[in-house]
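# Topology and contacts: notes
Below are the chains, spelled out letter by letter.
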Amino acid sequence: MKEINETVLQMILPAIVFLGVMAILAGGVIFGKIGKRMDVQGEDFSQMEDTRVVEELCERGEPTIQCAGKKLWGVGEILFIPAVFTAKDTEGGNIDITVADIINQDGASVMECYQEQTNQAVFSRRGIYTFSLTAMDGQRKICKEMISVLVDER
């Protein structure tokens, strides 16, 4: 009896696996043919106004941030951020700059030297300070720049 069960299992198990594989392949072919027969009317969105506006926004350039003032400052001298750094959008209009961080030459953040209310920075020690600046234009394009200034006692 044991031999009969083993013989039957050796014949039935491969047959079940074979039938399962055939069912999957046949189902794929059938669904593929059904999908090809379905004629779905598509709409061309390329000529719509929304598409044109999105394409223009995607092609728009990022704003630029530059150092407009001097790069050598004295210890205790006030750096008025809008006078030192300028940001312009692609049309050349001025936009606001945000100071994200100020890092000294040792890599430590010295944001305590920056007064956000007055938009000024005053450094009490000499060194190289790197400003991490961001600017966003009216179309919400963002520019990020890192610009260094030197503070010396001369």
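Coordinates for the structure precede this section.
Right, let's walk through the structure included here.

Rules used throughout
Residues numbered from 1 in each chain as written. Predicted model: local features only at pLDDT ≥ 70, side-chain atom pairs only at ≥ 80, totals over all residues. Heavy atoms only, no water. Patch = residues over 30% accessible without salt bridge, like charges linked within 9 Å, V, L, I, M, F, W, Y side chains within 5 Å. Areas by Shrake-Rupley, 256 points an atom, 1.4 Å probe, with all protein chains shown as cover. Salt bridge = Lys/Arg side-chain N within 4 Å of Asp/Glu carboxyl O. Helix = DSSP H or I, 4+ residues; strand = E, 2+ residues; numbered from the N terminus. Phe/Tyr/Trp six-rings, centres within 6.5 Å; stacked < 30°, edge-to-face > 60°. Buried < 20%, exposed > 50% of the residue type's maximum accessible area, 1.4 Å probe, protein only. Lys NZ or Arg CZ within 6 Å of the ring centre and 35° of its normal. Pairing = 2+ DSSP bridges.

## Let's talk about a nonpolar patch on the surface
- Together, Leu-13, Val-17, Phe-18, Leu-19, Val-21, Met-22 and Leu-25 give the surface a local cluster of nonpolar side chains, amounting to about 710 Å² of exposed area.
- As for its position among the elements, Val-21 is in helix H1 (residues 2-37).

## What about the environment of Gln-10?
- Structurally, Gln-10 can be placed in helix H1.
- For the pair Gln-10 and Gly-42, spaced 32 residues apart in the sequence, the C-alpha separation amounts to 52 Å.

## Examining the packing of aromatic side chains
- Here the structure, examined in full by the defined rule, presents three aromatic pairs.
- Considering the side-chain rings of Phe-85 and Phe-131, the 5.1 Å spacing of their centres and the 55° angle between planes classify their relative orientation as tilted. One end of the pair, Phe-85, is in strand S4 (residues 85-88); the other, Phe-131, is in strand S9 (residues 127-136), with 46 residues separating them in the sequence. Here the two residues Phe-85 and Phe-131 agree in accessibility, since each one is buried.
- Here Phe-123 and Phe-131 contribute two aromatic rings whose centre-to-centre distance is 6.0 Å and whose plane-to-plane angle is 80°, an arrangement assigned as edge-to-face.
- Classification of Phe-123 by relative accessible area gives buried; the value is 1%.
- Judged by its relative accessible area of 0%, Phe-131 falls in the buried class.
- Counting every residue linked through ring pairs, the aromatic cluster contains Phe-85, Phe-123, Tyr-129 and Phe-131.
- A cation sits over an aromatic face here: Lys-70 above Trp-73, 4.7 Å from the ring centre.

## Regarding the sheet that holds S4
- One open sheet accounts for three strands, arranged S1-S4-S5; its pairing is antiparallel. Of all strands in the sheet, those bounded by a partner on one side alone are strand S1 (64-67) and strand S5 (94-95).
- Pairing analysis gives four bridges linking S1 to S4, with the strands arranged antiparallel. Looking at S4, one finds that Gln-66 is bridged to Thr-86.

## Considering the pattern of salt bridges
- The full count for this structure, using the stated rule, is five salt bridges.
- The partner of Arg-60 in a salt bridge is Glu-91, and the shortest N-O contact between them spans 2.8 Å. In this pair, Arg-60 sits in the loop between helix H2 (49-59) and S1 while Glu-91 sits in the loop between S4 and S5, placing the two residues 31 residues apart along the sequence.
- The buried category is assigned to Arg-60, whose relative accessible area is 16%.
- By relative accessible area, which is 58% here, Glu-91 ends up exposed.
- Among the ionic pairs, Asp-152 bridges to Arg-126, the shortest N-O distance being 3.5 Å. Taken together, the residues span a long stretch of sequence, with Asp-152 in strand S10 (residues 142-152) and Arg-126 in the loop between strand S8 (120-122) and S9 at a distance of 26 residues.
- On the basis of relative accessible area, Arg-126 is assigned to the exposed category, the value being 53%.
- Each of Arg-60, Glu-91 and Asp-137 takes part in one network of salt bridges that share partners.

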